[in-house]
Structures are given as C-alpha cells and as structure tokens.
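Secondary and tertiary structure notes
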Amino acid sequence: EGALSIMTIDAVNGYLQAPYTTTVAIKPPKEHPHHELGLVWKINKAIYGLPQSGRVFQDFVSGKLTSIGWTRIPTTRALWRSKHGILCTYVDDFLIIGTNTPAKDIALEINKVLDTHSDEGNAHKFLGNFFLNSSSGIIQTQQPYALSLEEEREGAPPDMPLPTTYHNHAHKEDRKPITQEQTK
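The rules behind each value
- Residues numbered from 1 in each chain as written.
- Predicted model: local features only at pLDDT ≥ 70, side-chain atom pairs only at ≥ 80, totals over all residues.
- Heavy atoms only, no water.
- Core = buried A, V, L, I, M, F, W, Y, C linked by side-chain atoms within 4.5 Å.
- Buried < 20%, exposed > 50% of the residue type's maximum accessible area, 1.4 Å probe, protein only.
- Helix = DSSP H or I, 4+ residues; strand = E, 2+ residues; numbered from the N terminus.
- Contact = heavy atoms within 4.5 Å.
- Pairing = 2+ DSSP bridges.
- Expected span 1.5 Å × (residues − 1).
- Salt bridge = Lys/Arg side-chain N within 4 Å of Asp/Glu carboxyl O.
- Phe/Tyr/Trp six-rings, centres within 6.5 Å; stacked < 30°, edge-to-face > 60°.

As a further point, take the nonpolar core. Ranked by internal contacts, the top residues of the largest apolar core, which has 26 residues, are Leu87, Phe94, Ile96 and Ile110. Breaking this core down by element, the ones donating at least two residues are β1 (5-12), β2 (19-26), α2 (53-67), β7 (93-98) and α3 (103-114). Of all the elements, α3 adds the most residues to this core, at six residues. Those residues in contact with Phe94 that sit more than four places away from it in its chain are Met7, Thr8, Ile9, Ala11, Val61, Leu87, Cys88, Thr89, Leu114 and Phe126. Judged by nonpolar contacts, the second largest core, of six residues, contains Cys88, Leu95, Phe126 and Phe131.

Our next topic: the pairing of strand β11 (residues 137-141). Bridge count for strand β10 (residues 129-134) against β11 is five bridges, and the pairing is antiparallel. Paired with Ser134 across the strands is Gly137, a residue of β11. Once β10 ends, the chain turns through two residues before running back antiparallel as β11.

Right, let's get into α3. The end-to-end C-alpha distance of α3 is 16 Å, a good match for the 16 Å that twelve residues give at a rise of 1.5 Å each. Where α3 terminates, the next one or two residues include Asp115, which has phi positive at roughly 55°.

Time to look at the pattern of salt bridges. Taken as a whole and judged by the stated rule, the model has one salt bridge. Across the pair Asp59 and Arg77 runs a salt bridge whose closest N-O atoms are separated by 3.6 Å. Note that Asp59 is positioned in helix α2 and Arg77 in the loop between β4 (71-72) and β5 (79-81), a separation of 18 residues in sequence. Under the relative-accessibility criterion, Asp59 is labelled partly exposed at 42%.

The final tally for this structure, using the stated rule, is three aromatic pairs. Ring centres of Phe57 and Phe60 lie 6.4 Å apart, and the angle between their planes is 35°; on these two criteria the pair is classed as tilted. Here the residue Phe57 and the residue Phe60 both occupy positions in helix α2, the gap between them amounting to three residues, near one helical turn. Accessibility classification places Phe57 together with Phe60 in one group, the buried group.

Here is the structure:
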C-alpha cells in the first residue's frame, strides 16, 4: 500500500458537460432580440442557476465515476471509494485522497472522464476544512476557520456574541455578554 496523498480540484465549467435528458426551455434575456420575438431557448446541457442543474450534474458525475470503477459509499451521495483511493464530492469540487495511486493521477483521470479541466487551488482546503499530510496519515483541521471567527470578534471575550452582521460593521453596544439563561 502506497503513501497517502491528497489534493482538491474544481471541475471548471463542469455543469456544461452534463446533458439534460428532459426538455428544458428558458426565455432569453430581455437584451437579446429573441426575447421580443417571444422565442424560447432549448437547453441541452446543465447550466449554473437553473434549479435542476445540480441534480443533472450530480447524476452525470455519478455515472462517469461508476464507469471508471468508483463505488458510492451507501450512506451518502458525496463519498466514493475505489482501489485508487477515496473521493469526496461537493457540486463541482472534489477532495481526492490517494491511497494506492497519487491523488494527482486520480485527478487527471477524473478530468478526462468528465471531459473538463480543473483548477488546482489550495491542494489542502475543501469546504472550509484544511487537510495536512503527516508521517502518520492525513490530519483534518478547522483551525484557520476558528481563527477567522476570533478575528471577527474584534477582541470580544468568548462569552460575547458574534456580530450580527456578516461584515464587521456591528455596533459595539450591540454586544452584550451571554447570560446563563441564554446557554440553556
């Protein structure tokens, strides 16, 4: 058994590879000449933004992964295994853990079967989790995420609520200590 390796990939324009098996039509944008003519466009491939595209792409990926020997772990739609390693999918993002094959080789095979290419971003970040190779295996941590929460607190003690706004524009007077009653 080989050493573990890990990487993440993002299937660039992956949705556009997934064909619709049902008829889907949309109105063209108002700026397009077809709009005023009352024409509609037939959509042949999944596109970002349509409600059913996520399922169409997921089914497409499932069929392609199955065709190259990957088996879905029965308790979830996101985890896969093969003789090469373990794969976690989330929309068009993939976390690859190579157990008997280098993760980079697995990524090349996945890109080939999906007829896409991938951006290799941070090879160790997936859905807010960081993964590190060590001599004893792979370590998962959310430390950078936890530190970002601390930064968002702007020095507020741990018993103070986080700001109520997404960006750090909360009023300092809105921060009141959490009471015992609130923790029950």
